[in-house]
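Below, each chain spelled out in residue letters.
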Amino acid sequence: MRRVDQILAGYAEGDAVSGIAVVIRDVLRRMGSSSEIFSDPERTAADRVAAGDWRPLGEYDGGRDDVLIYHYSSESPATDVFLGTRARRILVYHNITPAEWYRGYDDRIAGELAEARSRLPAAAGAADAVWAVSDYNAGELRRMTGVGEVRVWPPPLDTARLDVAPDAAEVEKLAGGLVNFLFVGRLVPNKCVEDLILAFAWYTRAINPHARLVLAGSGKAVPRYTAMLRMLAGELKLENVCFERFVSPSGLAACYRRARVFVTASRHEGYCLPLLEAMYAGVPVIARAAGGMPEAVGSAGILVDDFEAEELAVVMDKAARDGDLRRALLASGKARIAAETGRDLEKELGSLLAPFGVV
Amino acid sequence: MRIWIEGEERDGLGAEIAAGARRLREGGSAPRFLAPQHSALLLREAVSEEEYDRTYSRLLQMRCGVDTGDFNVPRRKGPAGMLAGWVRALLWRVLRYQHERMALQQNTINELIAAAVEFERQRRRRETGELRRRIEQLEKAAGSGGGTG
């Protein structure tokens, strides 16, 4: 049986690309293939190191009959492994955040992102097949690299990660009769979390003071950006903006359990799986109509664009209080999730991998 | 603004929301935004870490003081909410002696730390500048004195 391995720039619990790689590995193993995840040890989180379900990039030694899938999202030694392997190559494009978002906050990351974009044409050109996780990403990839055929494979929703008992302490912490607005994601500049804080300032001052904005996501990646957000919440005297940092799966389940509305104002996303997670948890979603998010939302949820902070506050209020709208959103979200969970991943991956002779 | 509900653009709803936002602006309950030159949002304009750090240090020093002024206590509807809100507001005033003493201690610590951050920033900037100058001198010397074998 052919080996189908994957290489990643980094590997961590809660990271979207890592989660997708795990799902693919598990599906491939169920299909009978041997499959491992290889990651840069420098960027592999301690929890994954302890779990031991990965191998260092340097140990990858695929041969001509094997297949290597590279999840491309940032500059990494994995690019050299991909370009140097004898195995047949598949590049999965997860999008690279434009470097401009990081300038001033972290010039090193900005440089890495610019480098990743500059090396993308070579990596895509060397690939035997190119996949993207959204039409948005596929379009961008074609524009940047000139590659012809890009097959779109939306990332699967890992429901096993969501079907855990909510952390009781977190559920209790988020109680108190307040209306909870939830954002899930790393605190990084392209996600424009400051726009949520500004909208929440309008909401809590002019509409309903009994509310809370829960930001569930690590702020470690770009500390200067997180500092700016904390300073903004402080100067607006918003006691109820809760920086929850990284949350465990049970903590995340608690956040979704207590959320009235999920909201994101991100301006650059390749797809945005938390939107689907929120729908799975029965929480209506509001997202900016940007990047791959319209594809993730589909015909469920609310999309907004060209808005002022006070306008987003009014939309948040409507999504939190309008019973008819909420019922419609919950029904369409449920239908969206039914379609998502009904996907036959073995069939989908089998079709994508058929040209490589992988059964 | 533009809004789509369940995949369909809704112009009418967009206009309704814009009107609702206008009412918020005219309603007198707007958040108290700082002037742009004092707001944390100014940090978004930085094009380098050096510029960010300089702006951050300035903004940090403006934020050292703990605000102990009176504020609007959120009150729930009904007599119980009114009573609870009134008691909280009263307690804040009655305990002013205590919390101002603590605020003074906290303000002192904050100002000392903010000053320490600025000292450190200036020292590192001076040292980096000095190192750059020395490297340039060394490179210049190596360039002009080379080639003798």
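Residues numbered from 1 in each chain as written. Chains lettered and ligands numbered in written order. Predicted model: local features only at pLDDT ≥ 70, side-chain atom pairs only at ≥ 80, totals over all residues. Heavy atoms only, no water.

## Things to note about the overall build of chain B
Right, on to step 1. If you tally the helices and strands in chain B, you get four helices and two strands.
Right, on to step 2. For chain B, the N- to C-terminal ordering of α and β elements is β-β-α-α-α-α.
Right, on to step 3. For 149 residues, the compact-globule estimate of 2.2 N^0.38 gives 15 Å, and the C-alpha radius of gyration of chain B, at 27 Å, exceeds that figure by more than 25%.
Right, on to step 4. Considering only contacts in chain B between residues 6 or more positions apart, those separated by 24 or more positions represent 42%. (Helix = DSSP H or I, 4+ residues; strand = E, 2+ residues; numbered from the N terminus. Rg over C-alpha atoms; globule rule 2.2 N^0.38 Å. Contact = heavy atoms within 4.5 Å.)

## Points about the domain arrangement of chain A
All names here are of chain A.
Right, on to step 1. Each assigned domain of chain A is listed with its residue range as follows: domain 1 (4-156 + 343-356) and domain 2 (160-341).
Right, on to step 2. Computed over C-alpha atoms only, the centres of domain 1 and domain 2 are separated by 27 Å.
Right, on to step 3. On the side of domain 2, 25 residues touch domain 1, which itself brings 25 residues to the contact.
Right, on to step 4. The junction of domain 1 with domain 2 conceals about 1900 Å² of combined surface from both sides, 61% of it contributed by carbon and sulfur atoms.
Right, on to step 5. Taken together, domain 1 and domain 2 are joined by two salt bridges.
Right, on to step 6. Between Glu 13 and Arg 161 there is a salt bridge, and its shortest N-O distance comes to 3.7 Å.
Right, on to step 7. Run the count over domain 1 and domain 2 and you get seven residue pairs in polar contact (both at pLDDT 80 or more). (Domains from an automatic or database assignment. Buried area = accessible area lost by both parts, 1.4 Å probe. Salt bridge = Lys/Arg side-chain N within 4 Å of Asp/Glu carboxyl O. Polar contact = N/O pair within 3.5 Å; in protein donor to acceptor, adjacent residues only side chain to side chain.)

## As for the pattern of salt bridges
Residues and elements named next belong to chain A.
Right, on to step 1. Enumeration according to the criterion identifies 44 salt bridges over all chains in this entry.
Right, on to step 2. Between Asp 47 and Arg 48 there is a salt bridge; the shortest N-O distance is 3.7 Å.
Right, on to step 3. On the accessibility criterion, Asp 47 (32% relative accessible area) is partly exposed.
Right, on to step 4. You can call Arg 48 buried: its relative accessible area is 15%.
Right, on to step 5. The shortest N-O distance in the salt bridge between Arg 48 and Asp 53 comes to 3.0 Å. (Buried < 20%, exposed > 50% of the residue type's maximum accessible area, 1.4 Å probe, protein only.)

## What about the packing of aromatic side chains?
In this description, an aromatic ring pair is defined by two values, namely the gap between the centres and the angle between the planes.
Residues and elements named next belong to chain A.
Right, on to step 1. Considering all chains together, one arrives at eight aromatic pairs over all chains under this definition.
Right, on to step 2. Ring geometry for Tyr 105 against Tyr 225: centres 5.3 Å apart, planes inclined by 85°, an arrangement best described as edge-to-face. With a gap of 120 residues between them, Tyr 105 in the loop between strand 5 (88-93) and helix 4 (107-126) and Tyr 225 in helix 9 (residues 223-235) connect regions that are remote in the sequence.
Right, on to step 3. We classify Tyr 105 as buried; its relative accessible area is 5%. (Phe/Tyr/Trp six-rings, centres within 6.5 Å; stacked < 30°, edge-to-face > 60°.)

## Some remarks on the interface of chain B and chain A
Quite often, the size of an interface is put as the accessible area lost when its parts meet.
Right, on to step 1. On the chain A side, the residues contacting the 41 residues of chain B number 48 residues.
Right, on to step 2. Between chain B and chain A, the buried area comes to about 3600 Å², and carbon and sulfur atoms account for 65% of it.
Right, on to step 3. Taken as a group, Glu 6, Leu 24 and Glu 49 of chain B account for 18% of the area that chain B buries against chain A, more than any other trio of residues on that side.
Right, on to step 4. In this assembly, chain B and chain A are joined by eight salt bridges.
Right, on to step 5. In this structure, Asp 53 of chain B and Arg 224 of chain A form a salt bridge, with 2.8 Å as the shortest nitrogen-oxygen distance.
Right, on to step 6. Listed by contribution, the elements that provide at least two residues to the side of chain B that touches chain A are strand 1 (2-5), helix 1 (11-26) and helix 2 (49-61) of chain B.
Right, on to step 7. Per element, the largest residue contribution to the side of chain B that touches chain A is eight residues, and it comes from helix 1 of chain B.

## Considerations on the sheet that holds strand 1 of chain B
Right, on to step 1. Across the sheet, eight strands lie side by side as 10(A)-9(A)-8(A)-11(A)-12(A)-13(A)-1(B)-2(B); this open sheet has mixed pairing. Every interior strand has two partners, whereas the edge strands, strand 10 (241-245) of chain A together with strand 2 (8-9) of chain B, have only one.
Right, on to step 2. Bridging between strand 13 (residues 302-305) of chain A and strand 1 of chain B involves four bridges; their strand directions are antiparallel. By the bridge assignment for strand 1 of chain B, Ile 302 of chain A is matched with Ile 5 of chain B.
Right, on to step 3. The strands touched by helix 8 (residues 193-207) of chain A within the sheet are strand 8 (179-184), strand 9 (211-216), strand 10, strand 11 (261-264) and strand 12 (285-288) of chain A, with strand 9 of chain A carrying the most contacts at an inclination of about 170°. (Pairing = 2+ DSSP bridges. Axes fitted to C-alpha atoms, helices over the stretch in contact; angles between N-to-C directions.)

## Let's talk about the confidence of the model for chain B
Right, on to step 1. Chain-level statistics for chain B give a pLDDT mean of 89 and a share of 97% at 70 or above.
Right, on to step 2. Scoring the predicted complex yields pTM 0.89 and, for the interface, ipTM 0.88. (pLDDT = per-residue confidence, 0-100.)

## A short note on the environment of Phe 200 of chain A
Residues and elements named next belong to chain A.
Right, on to step 1. For Phe 200, the location among the structural elements is in helix 8.
Right, on to step 2. In the structure, Phe 200 is positioned 83 residues away from Arg 117 in sequence and 35 Å away in space, judged by C-alpha atoms.
Right, on to step 3. Ignoring any residue separated from it by four or fewer positions in sequence, one finds Phe 200 in contact with Phe 181, Ala 211, Arg 212, Leu 213, Leu 238, Asn 240 and Val 241.

## Examining the sheet that holds strand 5 of chain A
Residues and elements named next belong to chain A.
Right, on to step 1. Pairing within the open sheet is parallel, and its seven strands lie in the order 3-2-1-4-5-6-7. Looking at strand neighbours, the two that pair on one side only are strand 3 (55-56) and strand 7 (151-152), the edges of this open sheet.
Right, on to step 2. When strand 1 (residues 4-8) meets strand 4 (residues 67-72), the two strands line up parallel, connected through four bridges. Following the sheet pairing, Gln 6 is matched in strand 4 by Ile 69.

## Side note on the domain arrangement of chain B
Right, on to step 1. As far as domains go, chain B holds domain 1 (1-31) and domain 2 (64-144).
Right, on to step 2. A C-alpha centroid distance of 36 Å is found between domain 1 of chain B and domain 2 of chain B.

## Things to note about helix 10 (residues 249-258) of chain A
Right, on to step 1. Buried within helix 10 of chain A we find Gly 251, Leu 252, Ala 253, Ala 254, Cys 255 and Tyr 256 of chain A.
Right, on to step 2. Here the buried face of helix 10 of chain A lies against helix 6 (159-162), helix 7 (168-173), strand 8, strand 9, strand 11 and helix 11 (273-280) of chain A.

## What about the side chain of Thr 79 of chain A?
Right, on to step 1. Positionally, Thr 79 of chain A belongs in helix 3 (residues 78-84).
Right, on to step 2. Thr 79 of chain A gets classed as buried once you look at its relative accessible area, which sits at 0%.

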